[in-house]
Amino acid sequence: MRVPETKISQPSELPVEVASSPAFATDWRVRFDAYVRLIRLNKPIGIFLLMWPALWALWLAGEGHPPWQVAIIFVLGVVLMRSAGCAINDFADRKLDGHVARTHARPLAQGLISPAEAVAVFLLLSLASFGLVLFLNWQTIAMSVVAVTLAMIYPFMKRFTHVPQLFLGAAFGWAVPMAFTAIQETIPFYAWVLFVTTVIWALIYDTQYAMVDREDDLKIGIKSSAILFGRWDRLIVGLLQLLMLLMLIWVGLQAGRGTTFFIGLAVAAGFSIYQQWLIRRREPKPCFEAFLNNNYFGMAVFVGLMVDYLLRPA
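Now for a look at the structure at hand. (Residues numbered from 1 in each chain as written. Predicted model: local features only at pLDDT ≥ 70, side-chain atom pairs only at ≥ 80, totals over all residues. Heavy atoms only, no water.)

### Examining the overall build of the chain
Across its full length, the chain holds 14 helices and 0 strands. Counted from the first residue to the last, the chain has its helices and strands arranged as α-α-α-α-α-α-α-α-α-α-α-α-α-α. Counting across all 314 residues of the chain, residues that qualify as buried make up 56%. Across the chain, every contact between residues at least 6 apart in sequence was considered, and the portion connecting residues at least 24 apart equals 79%. Carbon and sulfur atoms make up 70% of the accessible area of the chain, which amounts to about 13500 Å² in all. (Helix = DSSP H or I, 4+ residues; strand = E, 2+ residues; numbered from the N terminus. Buried < 20%, exposed > 50% of the residue type's maximum accessible area, 1.4 Å probe, protein only. Contact = heavy atoms within 4.5 Å. Areas by Shrake-Rupley, 256 points an atom, 1.4 Å probe, with all protein chains shown as cover.)

### Quick notes on helix α2 (residues 45-61)
Note: α-helices contain 3.6 residues per turn, so residues at a spacing of three or four share the same orientation. Relative to the 24 Å expected for 17 residues at 1.5 Å per residue, α2 spans 25 Å between its end C-alpha atoms, a close match to the ideal helical length. Most of α2 is tucked away: 16 of the 17 residues are buried. Looking at the residues trailing α2, positive phi occurs at Glu63, about 50°. (Expected span 1.5 Å × (residues − 1).)

### Some remarks on unusual backbone geometry
Most peptide bonds are trans, and most residues other than glycine sit at a negative phi. Positive phi values are uncommon outside glycine, yet Arg40 reaches one of about 60°. Mapped onto the secondary structure, Arg40 falls in the loop between α1 (27-38) and α2. Although it is not a glycine, Glu185 adopts a positive phi angle of roughly 60°. Mapped onto the elements of the fold, Glu185 is located in the loop between α8 (175-184) and α9 (189-212).

### Examining the nonpolar core
In globular proteins that are soluble, nonpolar side chains generally tend to be buried together. In terms of nonpolar packing, the biggest core is built from 78 residues, with Trp56 and Leu60 touching the most fellow members. Beyond its immediate chain neighbours, meaning those up to four positions away, Leu60 contacts Phe180, Gln184, Tyr190, Leu194, Val251, Ala255, Leu305 and Tyr309. Of all hydrophobic cores here, the second largest spans 15 residues; its members include Ala34, Ile39, Ile113 and Leu125. (Core = buried A, V, L, I, M, F, W, Y, C linked by side-chain atoms within 4.5 Å.)

### Details of the packing of α2 against α9
Axis separation between α2 and α9 bottoms out at 11 Å; the angle between their running directions is 165°. For the element pair α2 / α9, the angle class is roughly antiparallel. Considering only the axes of α2 and α9, their crossing is right-handed. Counting all contacts with α2, which are made through Leu49, Trp52, Pro53, Trp56, Ala57 and Leu60, the residues of α9 involved are Tyr190, Leu194, Thr198, Trp201 and Tyr205. Split into classes, the residues belonging to the contact of α2 with α9 amount to 10 nonpolar, 1 polar and no charged. (Axes fitted to C-alpha atoms, helices over the stretch in contact; angles between N-to-C directions. Parallel < 35°, antiparallel > 145°, perpendicular 65-115°, else oblique. Left-handed = near helix turned anticlockwise from the far one by under 90°. Nonpolar A, V, L, I, M, F, W, Y, C, P; charged D, E, K, R; others polar.)

### Brief notes about the pattern of salt bridges
Once their charged atoms are close, side chains differing in charge can pair, the charge on each being opposite to the other. As enumerated under the stated definition, the model contains 8 salt bridges in all. A salt bridge links Arg282 to Asp233, with the shortest nitrogen-to-oxygen separation between them at 2.9 Å. Of this pair, Arg282 sits in the loop between α13 (259-278) and α14 (284-311) while Asp233 sits in helix α12 (residues 233-254), and the two are 49 residues apart along the sequence. Ionic pairing is found between Asp308 and Arg257, a salt bridge with its closest N-O pair at 2.9 Å. Separated by 51 residues along the polypeptide, Asp308 in helix α14 and Arg257 in the loop between α12 and α13 bring together distant segments of the chain. One network of salt bridges, with partners in common, ties together Arg40, Asp90 and Arg106. (Salt bridge = Lys/Arg side-chain N within 4 Å of Asp/Glu carboxyl O.)

### Some details on the packing of aromatic side chains
All chains considered together, the criterion is met by 17 aromatic pairs. The interplanar angle of 35° and the centroid separation of 5.8 Å between the aromatic rings of Trp52 and Phe302 together place this pair among those described as tilted. Separated by 250 residues along the polypeptide, Trp52 in helix α2 and Phe302 in helix α14 bring together distant segments of the chain. Here Trp52 falls in the buried class, since its relative accessible area comes to 11%. Among the aromatic side chains, those forming a connected cluster through ring pairs are Trp56, Trp201, Tyr205, Tyr209, Phe288, Phe291 and Phe297. When the ring centre of Tyr309 is taken as reference, the NZ or CZ atom of Arg257 above it lies at 3.7 Å. When the ring centre of Trp277 is taken as reference, the NZ or CZ atom of Arg280 above it lies at 3.9 Å. (Phe/Tyr/Trp six-rings, centres within 6.5 Å; stacked < 30°, edge-to-face > 60°. Lys NZ or Arg CZ within 6 Å of the ring centre and 35° of its normal.)

### Some remarks on the packing of helix α6 (residues 138-153) against α8
Two numbers describe how α6 lies on α8: the axes approach to 9 Å, and their chain directions differ by 170°. One finds that α6 runs roughly antiparallel with respect to α8. Seen from α6, the contacting residues are Gln139, Thr140, Met143, Ser144 and Ala147; seen from α8, they are Pro177, Met178, Thr181 and Ala182. Taken together, the residues of the contact of α6 with α8 break down into 5 nonpolar, 4 polar and no charged.

### Some remarks on the environment of Ile47
Summarising the element assignment, Ile47 is placed in helix α2. Once the C-alpha coordinates of Ile47 and Arg82 are considered, the two residues, 35 residues apart in sequence, prove to be 6.1 Å apart. In this structure, Ile47 is in contact with Val78, Val79 and Arg82, ignoring residues within four places of it in sequence.

### Overview of the side chain of Gln276
When you line up the elements, Gln276 lands in helix α13. On the basis of relative accessibility, which here comes to 16%, the residue Gln276 falls in the buried class. In this structure Gln276 touches Arg234, Val237, Gly238 and Gln241, once residues within four positions along its chain are discounted.

Structure, rendered in C-alpha cells:
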C-alpha cells in the first residue's frame, strides 16, 4: 500500500484546489503547502511508525542509555527518510492517485508539483539523511545504502506483488540493525529477530491500511495484502499480531528485561485486541482508525522498555 497518512478523504470532504483558496493568495504559499503535503509533514503517523522500532533498538543496543548524539541522528534520519519515502511514493503513484478518492488531492495528482520535482525532493532528503550517517561508524554508513535502496524500490512493488508491505517493513525496520551497528558495532541474533518483528508489524498495520482502499485498488488493478488475504484478512492479521507479540517476548527475555517491559507488552496486546474490534466489519473508516492505533502499540512497547531499564539497569 501507499505510505501511511493520517486522514481519510471521502469525495465530499476532499479539499478544493488550493490555488482557488484566499489562504493561498501567493505562489510561494501554494508551493510551500504542496511540498508540505508531498512529504506528509502535516500527517506524521508514518514518522511515528518508523520511529518506534528505531527507539526500541537504540534502547536495547544502548542498554537503556543510548549515546545522545546517536539518538539525535537516528531521530532526524527517521524524519528525513520517511519524508523522502513519501516523495518517491507519490512519484510512483502519480498516475494512480487521481483515481482514488482518498488520494486524488495529492500535489502530484493535482499538478501542483512535477514528477521531476518529487524525484529531486527524494534525492535531496536522502542525501541529507546520508550526511547525518557520516557522523557514525563506517559499518553504519555502509548499511545506510541498503536503507535508501529499500525506500526507493518499495513504492513500485505494488505492481509486482500483493505483499509490498514486506519491502515497507524492511525499509522501516532497517533502523534496527543500523542502531546496533552504530552503538555496539555488531548485530546480535535477537536484533535480527527484532528486525523481522518490525517487518511483521508493517504487514499488520499496512494490511489494515490496505483494507481502506480495497475497492478502489481492485478497480485500478493495484495489488495489496488486503486483496490477497480476502475474507481471511482479519484472521491472518490476528495471527500476525500474536506472532509479533511472541517474538517481542522472546527478544525481551534474550535482552534480560523484567516485569515492566512485559507489562508494556500486555498493554500493546490490548491495543491489538482493540484493532481487531475496529476491523471486524471491514469498514474503511474503522480500518483506518485501527491502522492509526498502531502508534499506541509502538509507544506502549517503548515506554515499557524505557521504564524497565530505569528500574532495572542492565
